[in-house]
Amino acid sequence: MAKSARSPISKHGSAILLAVALLTIAGVMSGWRLPVSLFPFIDYPRVVVSVDAGERDAATMAASITRPVEIALRAVPGAKSVRSTTSRGSAEVAVDFAWGQDMVAATLETEAALASILPDLPQGARFDVRRSDPTIFPVYGIALTSDSLSPADLRQLAELKLLPSLISVDGVAGVDILGSSPREFAVNLDPARLGALGLTLDDVSKSLAAQNAVNGVGRLTDQHQLFLVLVDDRLTSIADLEDTPVTVGGQTGPGVVRLGDIADISSSLEPSYTLVNSGGQSAVLLNVRQALQGDTVKIVKDVQQRLDQSGLPPSVKVTPFYDQSELVSGAANAVRDAILIGALLAGLVLFVFLRSWRLMVLTGLLLPAVLAAACVALELLGLGFNMMTLGGMAAAVGLVIDDAVVVLEHMMRRMQEKNSTDEQHLLGAAAEMGRPLLGSTFATIVVFIPLAFISGVTGGFFKSLAITMVACLVVSLLYARFAIPLLAARWLTEKDAEQVEKGEKVMNPLIRAYDRSGGKALARPGLTVLLVGGVLGVLGYLSWSHVPSGFMPAMDEGGFILDYRAPPGTALDDTDQMLRQVETIISSTPEVASYSRRTGIQLGGGLTEASEGDYFVRLNGGSRRNIHAVMSEIRDKVAQQVPALEVETAQLMEDLIGDLTDVPQPIEVKLFSNDETQLEAAAKQVGSTLSGIQGVVEVVDGLRVAGSDITVRVDRGAAVQAGLDPQAISDQLSALIDGTVATQIRDGEQLVGVRVRGPEDLRQHIAQVQDMVLRAPDGHSVRLAQVATVEVVGGAKQLTREQLAPFIGVTARLEGRSLGAAMSEVQNKVQALNLPAGIRVEYGGLYSQQKQSFSDLAMVFSAAILLTLLLVTILYGRFYWGLAAVTTILLVASSSLLGLWITGIELNISALMGLTMVVGMVSELIIFYLAELPCDRKIGPAELREAGAKRLRPILMSALIAILTLLPLAIGFSRGAGLQQPLATSIIFGLLAAVPLVLLFLPAMLAMRSEKDKALAKGFA
């Protein structure tokens, strides 16, 4: 008898297995090279323009600079909205573009628009344009403190020793140095001596500039060498400054006086109205920012190594105050542990049902091989390891093992039926599952196709997860279709079939129970469908109505930001005194490991007054209270013990995503009106109303006051009589109070400014301002009080606008309450205020992001359902089968919602993504069930029960494996597991319901159709 022809898989078996081995090795190599970060890279469509225009009041600043800038930026191609905040002498303008915009081009066009209007703006206006991306926040922050070195010395060490070393670390985008100020030389002039000699501050500044120069005057050749001729008259020290000659004009001719005879010269620091400390001690902070798509873990490790090798003095203490790599590593370890635990549990399930160690080994080999090969796809697509790609791998583990289980279980069933272990026979059995395998894989892949059409944070996050899962599924399909059958056919023996028969001891009771329940369900299919569908439908509706809703999943990041605001205009020293009380509260909290404080500046930049700033509080690792409890306790204690301070708390990633998209607060009520008085009254009303809503905390009414001004009103008549004009008075006052950097002295690689100004005691009190002495052009002296009136004007407010319209944003955060429930009450309460008709109300904050994300994911879910309907109809040619499949999936989704309600987990973008993934997973089970039914003839209860009995074991195994794989993520032991917990929970509860629904409800629906067909046939007969 002639041998049967070998199958193509058998003929090329060695090549197939070699290709699998090579692809797996390549995947391992790719995995070592992939960067590790917290979140996937998202091109946020926002450009922020910071404007510095010197010392101007907010109203003049808004009219002369901010408004022209807004108009110019609104005309930038692709700009959707413009939002600005204007304070004293500074402004911040944010331009939002459409998602998907080329942000490099948008940034360049923004800069071009600003350059075009710069000549028309007041002199001295400067701009800084930056894209809003995660690099504005540090991935690693360190504090330098010392008991013997001054902050200025620490800054010198940071600038000269640490900055060059750290900036060269691969993946570092920049290193920001905060604390102290750059060095300078202070030249405090004596007004009496100046007056006696007929000199002005401007005269001294010009003399200094002229006496400190190095100029090349040409080249000459002598003795076969080319020389550069320099006139070098550089100043190098305080002694040189003191000896600098200043020309004095007089009736007897010009004279000369030493600068040291008319001024007190000393080393100093540039004027600064900021304070920085760490652990209650003055400090210098270094914020290490990561380049886009950098490797967070590697960057932090390399930076720590450079710090260890930096050779800092023993007295300098280096304290990390923020380390994002800890959160990244925790998140990665959580997913890694979930994969390992899931794989072990899956092996246990395989052993319980199949009792063959060879089957366990084959499945165990498949999983790491598939995950490794998926790393090749990630590298080719420019992705790396992050919370979403790792989460995709964890979610794919169950599906990957499921593919192997389905093929191996079917091969073992055929071995038992024909009692044959022939290679061709086993490969033929595996080929029978080719179409169901292909269909089930596509059933999951089509779920992710609609994700390509959504944008925003949701699209950016979950596209990475979807790409990872699709890569795993495609590789799993190829391996399960070709590699697993080859290995199984060449390795499995009759003993394995006997072992599987021993596993029937577990299955027999289950099959008998299924026969009884299946018989009852199919005896009266209409009643079964009505009862099951009705109960789950009602439970699903109740769950949807009562499950709390949010935006991003809650996650313990191990540290948080505490923003604070002292009363407007509070002096820096007084603000510091209040903050010392806050630091006592922070340091006495047992969970706190370290903290750093910025006053007058913020961790991520932004418009900040001298009475504002933030802390970053780092908590201990290991077992401790939940971070939200710690945040709440510190906030409450500050409110009780330091009531003058307004504080807000937020974790860094929440704050970061909020800043990159709109505002970091979950709640923002935007009030628009051109009537300033009416607008402020409405803001106070809304702020007071929000404060009374349960769970709404940290309410800020948006009426931010920059502080008081000392206004000098020039008497034009008196000024003209004295030979002065307002501009001359302004220039001289500026030179006396703030000073003028007349020249710079080179010290190594640094240029140190020389600031010429009036004596220190002239800047101590308001009353001294009116006694300042001005110099008229003819040389006589005039007190400021003789030509101007000096008064204090309080309450200079910050001005905010959106789309050129004045508005005030009332913001708040949440504690112990979901975003959806809180916003529903906020909207009802605000509507009940019956604000004046001239007030327009809009809602922003993270709530607006939630609305957009929910809308997008609802579209994805709906599209996934419709695509599943299409796929099942194409595979089996029966529309009703597709309809029955979709109905089953919707009831599974109801069970997922019920699970969220039971566990108290919010319905957020992670949970909604889990609901969408359930569609694909359940579709796989449905397709494998339908594959057992004959498509070419009518089916009855007997065929439906037989198909269920055949698919009972693989469906149970598939569901159990997927549930056990996701269980560690759902429990969320690790600090970084919070992002995946809602996703895992919704999938687990969906799969728990999917098993009885696929095996009982789906056959009942199909049986209903069969009964209708019989009734129609009798009617025609």
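Residues numbered from 1 in each chain as written. Predicted model: local features only at pLDDT ≥ 70, side-chain atom pairs only at ≥ 80, totals over all residues. Heavy atoms only, no water.

Peer 1: Can you help me understand the overall build of the chain in this one?
Peer 2: For the chain, the count of helices and strands is 33 helices and 31 strands. By its C-alpha atoms, the chain is 130 × 85 × 55 Å across when sized along the principal axes. Taken across its 1021 residues, the chain has 53% of its residues classed as buried. Counted over contacts in the chain with a minimum sequence separation of 6, partners at least 24 positions apart contribute 80%. Split by element, the accessible area of the chain, about 43,100 Å² in all, is 56% carbon and sulfur. (Helix = DSSP H or I, 4+ residues; strand = E, 2+ residues; numbered from the N terminus. Buried < 20%, exposed > 50% of the residue type's maximum accessible area, 1.4 Å probe, protein only. Contact = heavy atoms within 4.5 Å. Areas by Shrake-Rupley, 256 points an atom, 1.4 Å probe, with all protein chains shown as cover.)

Peer 1: Even after reading the chapter, I still don't get the sheet that holds strand β18 (residues 592–599), so can you show me in this structure?
Peer 2: Note: strands within a sheet are paired through backbone hydrogen bonds, in either parallel or antiparallel orientation. The antiparallel open sheet is built from 6 strands, whose spatial order is β14-β13-β18-β19-β17-β20. Each edge of the open sheet is held by one strand with a lone partner, namely β14 (281–282) and β20 (646–650). In this structure, strand β13 (residues 275–278) lies alongside β18, joined through 4 bridges in antiparallel fashion. Following the sheet pairing, L275 is matched in β18 by T599. Across the sheet, helix α20 (residues 572–587) touches β13, β17 (559–565), β18 and β19 (612–619), and the angle it forms with β18 is around 170°. (Pairing = 2+ DSSP bridges. Axes fitted to C-alpha atoms, helices over the stretch in contact; angles between N-to-C directions.)

Peer 1: When you look at helix α7 (residues 201–211) in this model, what are you seeing that I'm missing?
Peer 2: Think of an α-helix as 3.6 residues a turn; residues three or four steps apart then line up on the same face. For α7, the set of buried residues is L201, V204, S205, S207 and L208. Seen end-on, α7 carries its buried residues on one side only, within an arc spanning 165°. Of the exposed residues in α7, those oriented more than 90 degrees away from the buried face are K206 and A210. (Arc of directions from axis to C-beta.)

Peer 1: Even after reading the chapter, I still don't get unusual backbone geometry, so can you show me in this structure?
Peer 2: Backbone geometry follows two general trends: most residues other than glycine have a negative phi, and most peptide bonds adopt the trans configuration. Notably, L804 is not glycine yet its phi reads approximately 70°, a positive angle. Tracing the chain through its elements places L804 in the loop between β29 (799–802) and β30 (805–814). The exposure class assigned to L804 is partly exposed, which follows from its relative accessible area of 27%. Its identity as a non-glycine residue notwithstanding, N834 has a phi of 50°, on the positive side. Take N834: it is sitting in the loop between α28 (819–832) and β31 (840–844).

Peer 1: What is the right way to look at the confidence of the model for the chain in this model?
Peer 2: Atomic detail in the predicted coordinates should be set aside for any region of low pLDDT. Averaged over every residue, the pLDDT of the chain is 84; the share at 70 or more is 94%. Considering only residues more than four positions removed or in separate chains, one finds that residues 1015–1021, a stretch of pLDDT under 50, has 0 contacts. (pLDDT = per-residue confidence, 0-100.)

Peer 1: Explain the pattern of salt bridges here, please?
Peer 2: Where charged atoms from two side chains of opposite charge come close, those side chains can pair. By the definition in use, this model includes 40 salt bridges. One salt bridge in this structure joins R46 and D96, with 2.7 Å as the shortest N-O distance. You can see R46 sitting in strand β1 (residues 46–52) and its partner D96 sitting in strand β3 (residues 90–97), a full 50 residues away along the chain. Assessed through its relative accessible area of 17%, D96 is described here as buried. With a closest N to O distance of 3.0 Å, R155 and E159 form a salt bridge. You can see R155 and its partner E159 sitting in helix α5 (residues 151–167), 4 residues apart, about one turn around the helix. (Salt bridge = Lys/Arg side-chain N within 4 Å of Asp/Glu carboxyl O.)

Peer 1: Help me understand the environment of I401 in this model?
Peer 2: Assignment of secondary structure puts I401 in helix α13 (residues 387–418). I401 gets classed as buried once you look at its relative accessible area, which sits at 3%. In the structure, I401 is positioned 34 residues away from L367 in sequence and 6.6 Å away in space, judged by C-alpha atoms. Dropping the residues within four chain positions of it, I401 is found in contact with A346, T363, L367 and I961.

Peer 1: I keep staring at helix α25 (residues 726–737) and nothing clicks. Help me out?
Peer 2: In a regular helix each residue adds 1.5 Å, so 12 residues correspond to 16 Å; α25 covers 16 Å between its end C-alpha atoms and thus fits that length. Burial in α25 covers these residues: I729, L733, A735 and L736. Each buried residue of α25 sits inside an arc of 160° when the element is viewed along its axis, so together they form one side. Sitting at the head of α25, D725 places a side-chain oxygen 3.1 Å from the backbone nitrogen of Q727. Of the residues one or two after α25, G739 is the one with positive phi, at around 85°. (Expected span 1.5 Å × (residues − 1). Polar contact = N/O pair within 3.5 Å; in protein donor to acceptor, adjacent residues only side chain to side chain.)

Peer 1: Help me understand the sheet that holds strand β24 (residues 740–747) in this model?
Peer 2: Read across the open sheet, the 4 strands follow the order β12-β7-β25-β24; overall the sheet is mixed. Edge positions in the sheet fall to β12 (263–269) and β24, since each has one partner strand and no second. Looking at each pair of strands side by side, their axes are set apart by 25° on average, direction ignored. Pairing between strand β7 (residues 183–189) and strand β25 (residues 750–757): 5 bridges, direction parallel. When the bridges of β25 are listed, E184 appears paired with G753.

Peer 1: Looking at this model, I keep getting lost on the environment of A443. Mind explaining?
Peer 2: Among the structural elements, A443 can be located in helix α15 (residues 434–448). Along the backbone, A443 and L869 are 426 residues apart, and their C-alpha atoms lie at a distance of 9.6 Å. What A443 contacts, discounting residues up to four positions off in sequence, is L871, G920, S923, E924 and I927.

Peer 1: Honestly, the packing of helix α30 (residues 879–903) against helix α31 (residues 909–930) in this entry has me stumped. Any pointers?
Peer 2: Direction vectors running N to C along α30 and α31 enclose 140°, while the axes themselves pass 9 Å from each other. Comparing their axes, α31 and α30 come out oblique. For the pair α30 and α31, the crossing hand works out as right-handed. For the pair formed by α30 and α31, the contact residues are W881, A885, T888, I889, V892, A893, S896, L897 and L900 on the first element and A911, L915, V918, V919, V922, S923, I926 and L930 on the second. Grouping the amino acids of the contact of α30 with α31 by side-chain chemistry returns 14 nonpolar, 3 polar and no charged. (Parallel < 35°, antiparallel > 145°, perpendicular 65-115°, else oblique. Left-handed = near helix turned anticlockwise from the far one by under 90°. Nonpolar A, V, L, I, M, F, W, Y, C, P; charged D, E, K, R; others polar.)

Peer 1: How should I be thinking about the packing of helix α14 (residues 423–432) against helix α16 (residues 456–491) in this particular structure?
Peer 2: Geometry of a packed helix pair, given as the angle between the helix axes and the separation of the axes. The geometry of α14 relative to α16 is characterised by a closest axis approach of 9 Å and an angle of 150° between their N-to-C directions. Taken together, the axis directions place α14 and α16 in an arrangement best described as roughly antiparallel. Here the hand of the crossing between α14 and α16 comes out right-handed. Residues E423, L426, L427, A430 and A431 of α14 pack against R481, P485, L486, A488, A489 and R490 of α16. Split into classes, the residues belonging to the contact of α14 with α16 amount to 8 nonpolar, no polar and 3 charged.

Peer 1: Any chance you could explain the environment of E242 here in plain terms?
Peer 2: Of note, E242 is situated in helix α8 (residues 238–242). Overall, E242 belongs to the partly exposed group, its relative accessible area being 29%. Measuring from C-alpha to C-alpha, the distance between E242 and I262 comes to 9.2 Å, with 20 residues separating the pair along the chain. Contact partners of E242, with chain neighbours within four places excluded, come to R258, L259, G260 and I265.

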